[in-house]
Amino acid sequence: MAIFTVTNPFMSLTDSVEDDFELSTVCHRPESMDKLEEQTKFTKKELQVLYRGFKNECPSGVVNEENFKNIYSQFFPQGDSSMYAHFLFEAFDTNKNGSVSFEDFVFGLSIILRGTINDRLNWAFNLYDLNKDGCITKEEMLDIMKSIYDMMGKYTYPTMMDDAPREHVESFFQKMDQNRDGVVTIDEFIDSCKKDENIMQSMQLFDNVI
Amino acid sequence: MAAGVAAWLPFARAAAIGWMPVASTPMPIPPQDKRKAQDGLIILNVSGTKFQTWRTTLERYPDTLLGSTERDFFFHEETSEYFFDRDPDIFRHILNFYRTGKLHYPRQECISAYDEELAFFGIIPEIIGDCCYEEYKDRRRENAERLQDDEEMDMNNDVAPVNLTFREYLWRAFENPHTSTLALVFYYVTGFFIAISVMANVVETVPCGTLPNRSKEMSCGDRYALAFFCLDTACVMIFTVEYLLRLIAAPSRCKFMKSVMSVIDVVAIMPYYIGLVMTDNDQVSGAFVTLRVFRVFRIFKFSRHSAGLRILGYTLKSCASELGFLLFSLTMAIIIFATVMFYAEKGSTATKFTSIPAAFWYTIVTMTTLGYGDMVPKTIVGKVFGSICSLSGVLVIALPVPVIVSNFSRIYHQSQRAEKRRAQRKTRLARIRAAKIRGTNAYMRYKQNGLLIDALEEASKEAGQALVGKAASPPFESQHHHLLHCLEKTTNHEFVDEQTFQANCMEISVVNKSGSRTSSLSSSPHGLSSCCSRRHRKKSSFSLPSTNNQELSTIQIRERPVSNSRSSLNAKLDETVPLKCDEAYISPSMVRLSAPVATSSDDASTATTTYSQSNIVRVSAL
């Protein structure tokens, strides 16, 4: 008897009144394409493609962290990519206003995809340095490592050990921390990366992404 | 991964820079993007309406027509666009699917048209977005019901009577009284006897005046006991025979015995038989009298005769939950109010509210606004609560009633629609037959065209039909006719109309008494192959006619000297049935038949050198 299942028909009425006030959305328009072309290393066509994709997912012109995490998680359905997406968001949001506009987006991509090796390594260091104090501590690195391992999810081969991130952090610091002071500075980082063949090779991957 | 975020893939790949310094092993080689910068605009021309989109938008879904190389089949070189001869209104939704990743269903479109478009473009309907999914499923279900109804009607109407066993024939006669006159007679007779039986039950109890030697008024049943008994016996006999026949004819006896109508039948006739058995025993005569009440159930037998009654019954069954709720809420209200009234009236003298169950009667009568007045409250408190009771009664009863009414209305309209469809089916079939006739008429004219042109003029004037010159018929038609002609030549048979064919067979069955006829009758699907063979044998004796029309009629006239009424009709050649005769019979005679035709068929074949095989639809219609 369906009539018995109606619990409280009056409850929804009060909520909807408040919702009306939130309907005004933020709308952000990027700078002109010519200026962006000057400031970044992308061609007009590439900017067009990037903007179309950006605007499709974020019609209001800015990405907030929620949306950012949502989009990024669609690429990694098996694991939990929210922490790594959070770190990424922090790295892209250069002016720290809680949202990533198209300019921020394109500047970041320009560095990663079209920048020099130094630029790229700088950007990566910036990503790892969570409190932006110029050096990476073991705790910061552990957070980053955990977020990367979280993206793998539960079903991996071999099975994920709980201390895998910690071990990885140890080996990372072995390689990077040259003066054994427990932190990695920007110079140590760039130096060690340049010495490593594998890292240099993988940095070349970004040349053909777009 | 949703295709909408495919545009963000470069970003996701760029974000992988965070993993590089951390990784201890080298990264795998990235896939080479062979088709770089292929992002151009594609023009899609759908019946004149031009749609444009990016190539990459379409390629998000590579397992559909537009996203795969299948679209190359529709590429139009001259205008360098992709042309689709489909509905542009529905295409809009399909293109929006590529753009937004969500498929919407427009409410004003027909569901089957929409499904066809989806099937054409290779999109599975299961990905319809949540906003439109309910509507889509509802419409699809309605459509499926309609198709199922049509199929059932097909099965009911198209079964050839010849092939049924006696049992099946009987069942069909019972279920559809309109199929044969006997069934219709039986239907009305049983209806009449149901009415007689019910009326007899009613009249039995009417007081009929007193006999001179008795003081008490007697009912008619007692006065004319023998007459009523005979009437009852006759009715019960008819009902019993009907029930037994239905039982025998039923395809599934267990299912039949469990059905509602058969239970009603049994309940209607049981009291009589129980009465026969039990008349001697005085102790159970009281129970016997009660059993006679069940005789009134015979009135339910009318539901076989009345569709409206069936709909009412079906409505009540489908509204069972609403009715149950009504009953439940009424019971609650009755108990509450009865209790209150009892305690309110407890104090007053000589009150009728002696107990709560006694107050139930008052509550029911008040809530349904009957108000008999046999029990009324006397105290003020009692009157106050009495009025509250009557007001709330109106509300409680009024609430579920519209639900039941709307259910009844829906079911009634559905049955009306089914009736309408059945009626339309007849006209639809008639239209199909008319189309067939036109097609075969056209074919016959074509043959006449090909053979003898001037004879055609005479024939057409005779038949009263418009002259169809060779140039006037469209290439479509003439190619189709040529195809049929080729088929005739291949199989060494000719297309003729139904009347000719049946007339032939009747004639043959009169003339021919050989035993081989029966065996070939049973083996062939139409059962009439031997007729054809005999007909062709007889053709060997005809002479070369001057006109084609006369040729055909002379064929018929020569074969059937007995039935002359049909020969004049054959000039019209209303319908044809493709013949399926054994070729072994006809080869010697066919040589002669084709001789006069061969010379002119050459003309026909040179005239129409090409024949199209694309007219498959037309062929099957014949």
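The rules behind the values
Residues numbered from 1 in each chain as written. Chains lettered and ligands numbered in written order. Predicted model: local features only at pLDDT ≥ 70, side-chain atom pairs only at ≥ 80, totals over all residues. Heavy atoms only, no water. Helix = DSSP H or I, 4+ residues; strand = E, 2+ residues; numbered from the N terminus. Contact = heavy atoms within 4.5 Å. Areas by Shrake-Rupley, 256 points an atom, 1.4 Å probe, with all protein chains shown as cover. Buried area = accessible area lost by both parts, 1.4 Å probe. Salt bridge = Lys/Arg side-chain N within 4 Å of Asp/Glu carboxyl O. Polar contact = N/O pair within 3.5 Å; in protein donor to acceptor, adjacent residues only side chain to side chain. Nonpolar A, V, L, I, M, F, W, Y, C, P; charged D, E, K, R; others polar. Core = buried A, V, L, I, M, F, W, Y, C linked by side-chain atoms within 4.5 Å. Buried < 20%, exposed > 50% of the residue type's maximum accessible area, 1.4 Å probe, protein only. Domains from an automatic or database assignment. Expected span 1.5 Å × (residues − 1). Patch = residues over 30% accessible without salt bridge, like charges linked within 9 Å, V, L, I, M, F, W, Y side chains within 5 Å. Pairing = 2+ DSSP bridges. Axes fitted to C-alpha atoms, helices over the stretch in contact; angles between N-to-C directions. UniProt positions renumbered as here; feature names shortened; annotations may be inferred.

Broken down by element type, chain A carries eleven helices and four strands. If you take every contact in chain A between residues at least 6 apart in sequence, the share linking residues at least 24 apart comes to 56%. Accessible surface, chain A as shown: approximately 12,200 Å² in total, 54% of it carbon and sulfur.

What follows covers the interface of chain A and chain B. Taken residue by residue, the interface counts 47 residues in chain A and 34 residues in chain B. Together chain A and chain B conceal approximately 3,500 Å² of surface at their shared face, both sides included; 73% is due to carbon and sulfur atoms. Applying the counting criterion to the chain A and chain B interface returns zero salt bridges. Applying the counting criterion to the chain A and chain B interface returns five residue pairs in polar contact (both at pLDDT 80 or more). Top element by residues in the side of chain A that touches chain B is helix H3 (residues 44-57) of chain A. It accounts for six residues. Looking at side-chain class alone, the side of chain A that touches chain B contains 37 nonpolar, six polar and four charged residues.

Attention now goes to the nonpolar core. Counting 63 residues, the largest nonpolar core has Tyr72, Leu88, Met141 and Phe189 of chain A as the members making the most contacts within it. For this core, the leading source of residues is helix H5 (residues 82-92) of chain A, giving seven residues. Viewed by domain, this core spans two of them, domain 1 (45-114) and domain 2 (131-209) of chain A, each represented by three or more residues. Excluding residues within four positions of it along the chain, Leu88 of chain A makes contact with Phe68, Tyr72, Trp123 and Leu127 of chain A together with Phe11 and Ala15 of chain B. The next biggest cluster of nonpolar side chains, apart from the first, holds 26 residues, and it includes Phe84, Leu95, Tyr105 and Leu118 of chain B.

Residues and elements named next belong to chain B. Positioned with a positive phi, Ala350 is a non-glycine residue whose angle comes to about 50°. In this fold, Ala350 is placed in the loop between helix H14 (320-345) and helix H15 (356-367). Ala350 gets classed as exposed once you look at its relative accessible area, which sits at 73%.

On to helix H11 (residues 260-278) of chain B, then. Each α-helix turn comprises 3.6 residues. Residues three or four places apart therefore point the same way. Taking 1.5 Å of rise per residue, the 19 residues of H11 of chain B would be expected to cover 27 Å, and the 27 Å separating its terminal C-alpha atoms lies within 8% of that figure. Those residues of H11 of chain B that fall on the buried side of the exposure criterion are Met261, Ser262, Ile264, Asp265, Ala268, Ile269, Pro271, Tyr272 and Gly275 of chain B.

Here we come to a nonpolar patch on the surface. Residue and element names in this part refer to chain B. A cluster of nonpolar residues, Leu226, Phe229, Met270, Tyr273, Ile274, Leu276 and Val277, forms a patch on the protein surface that exposes about 660 Å² of accessible area. Of all the secondary structure elements, the ones that give two or more residues to the nonpolar patch are helix H9 (225-249) and H11. It is H11 that provides the largest number of residues to the nonpolar patch, a total of five residues. Mapped onto the fold, Met270 is located in helix H11. Taking relative accessible area as the criterion, Met270 reaches 40% and is therefore assigned partly exposed.

Residues and elements named next belong to chain B. If you check H9, its first and last C-alpha atoms are 36 Å apart, about what 25 residues at 1.5 Å a residue would give, namely 36 Å. Among the residues making up H9, those that are buried are Phe228, Asp232, Thr233, Cys235, Val236, Phe239, Thr240, Glu242, Tyr243, Arg246, Leu247 and Ala249. Here the buried face of H9 lies against helix H6 (166-175), helix H7 (181-204), helix H8 (220-223), helix H10 (253-258) and H11.

Now for the sheet that holds strand S1 (residues 41-46) of chain B. As a general point, the strands of a sheet are linked pairwise by backbone hydrogen bonds and lie either parallel or antiparallel. All names here are of chain B. Strand order across the open sheet formed by four strands is S2-S1-S4-S3, with mixed pairing between neighbours. Both edges of this open sheet fall to strand S2 (49-54) and strand S3 (75-76), since each of them pairs with a single strand only. Taken together, the two bridges between S3 and strand S4 (residues 81-84) define a ladder with antiparallel strand orientation. In the sheet register, His76 faces S4, and the bridge partner there is Glu81. Here helix H3 (residues 88-100) sits on the sheet and contacts S1 and S2; the angle it forms with S2, its principal contact strand, is near 5°.

Residue and element names in this part refer to chain B. Per the UniProt record, "transmembrane region" (unreviewed entry) is found at residues 182-203, 223-244, 256-274, 323-344, 356-373 and 385-412. Spanning residues 323-344, this segment combines 100% helix with 0% strand, and its end C-alpha atoms are found 31 Å apart. In residues 385-412, the share of helix is 93% and the share of strand is 0%. The end C-alpha atoms are 41 Å apart.

Right, let's get into the environment of Val62 of chain A. Residues and elements named next belong to chain A. Note that Val62 resides in strand S1 (residues 62-64). Spatially, the C-alpha atom of Val62 lies 9.6 Å from that of Glu103, the residues being 41 residues apart in sequence. Beyond its immediate chain neighbours, meaning those up to four positions away, Val62 contacts His28, Phe54, Ser99, Val100 and Ser101.

This part is about the UniProt feature "domain: EF-hand" (unreviewed entry) in chain A. Look at the UniProt record and you will see "domain: EF-hand" (unreviewed entry) annotated at residues 80-115, 116-151 and 164-199 of chain A. The span residues 164-199 of chain A is 72% helix and 8% strand, and its two end C-alpha atoms sit 21 Å from each other.

Residue and element names in this part refer to chain B. In this sheet, S4 lies alongside S1 in parallel orientation, the contact comprising three bridges. Paired with Val46 across the bridge in S4 is Phe84. Hairpin connection between S3 and S4: a loop of four residues separates the two successive antiparallel strands, and Ser80 in this loop has a positive phi of roughly 45°.

Once that is clear, we can look at the side chain of Glu188 of chain A. Residues and elements named next belong to chain A. On the secondary structure map, Glu188 appears in helix H10 (residues 186-195). A polar atom in the side chain of Glu188 sits 3.3 Å from the side chain of Asn179. With sequence-adjacent residues up to four places away left out, Glu188 is seen in contact with Met176, Asp177, Gln178, Asn179, Asp181 and Val183.

Attention now moves to the pairing of S1 of chain B. Relative to S2 of chain B, S1 of chain B runs antiparallel, the two being bridged by six bridges. Across the sheet, Leu44 of chain B pairs through a bridge with Phe51 of chain B, a residue of S2 of chain B.

Let us now look at the environment of Phe92 of chain A. Relative to the helices and strands, Phe92 of chain A is located in helix H5. Taking the C-alpha atoms as reference, Phe92 of chain A lies 9.7 Å from Trp123 of chain A; in sequence the two are 31 residues apart. When near neighbours in sequence (up to four residues on either side) are disregarded, Phe92 of chain A contacts Phe68, Val100, Asp104, Phe105, Gly108, Leu109, Ile112 and Trp123 of chain A together with Phe11 of chain B.

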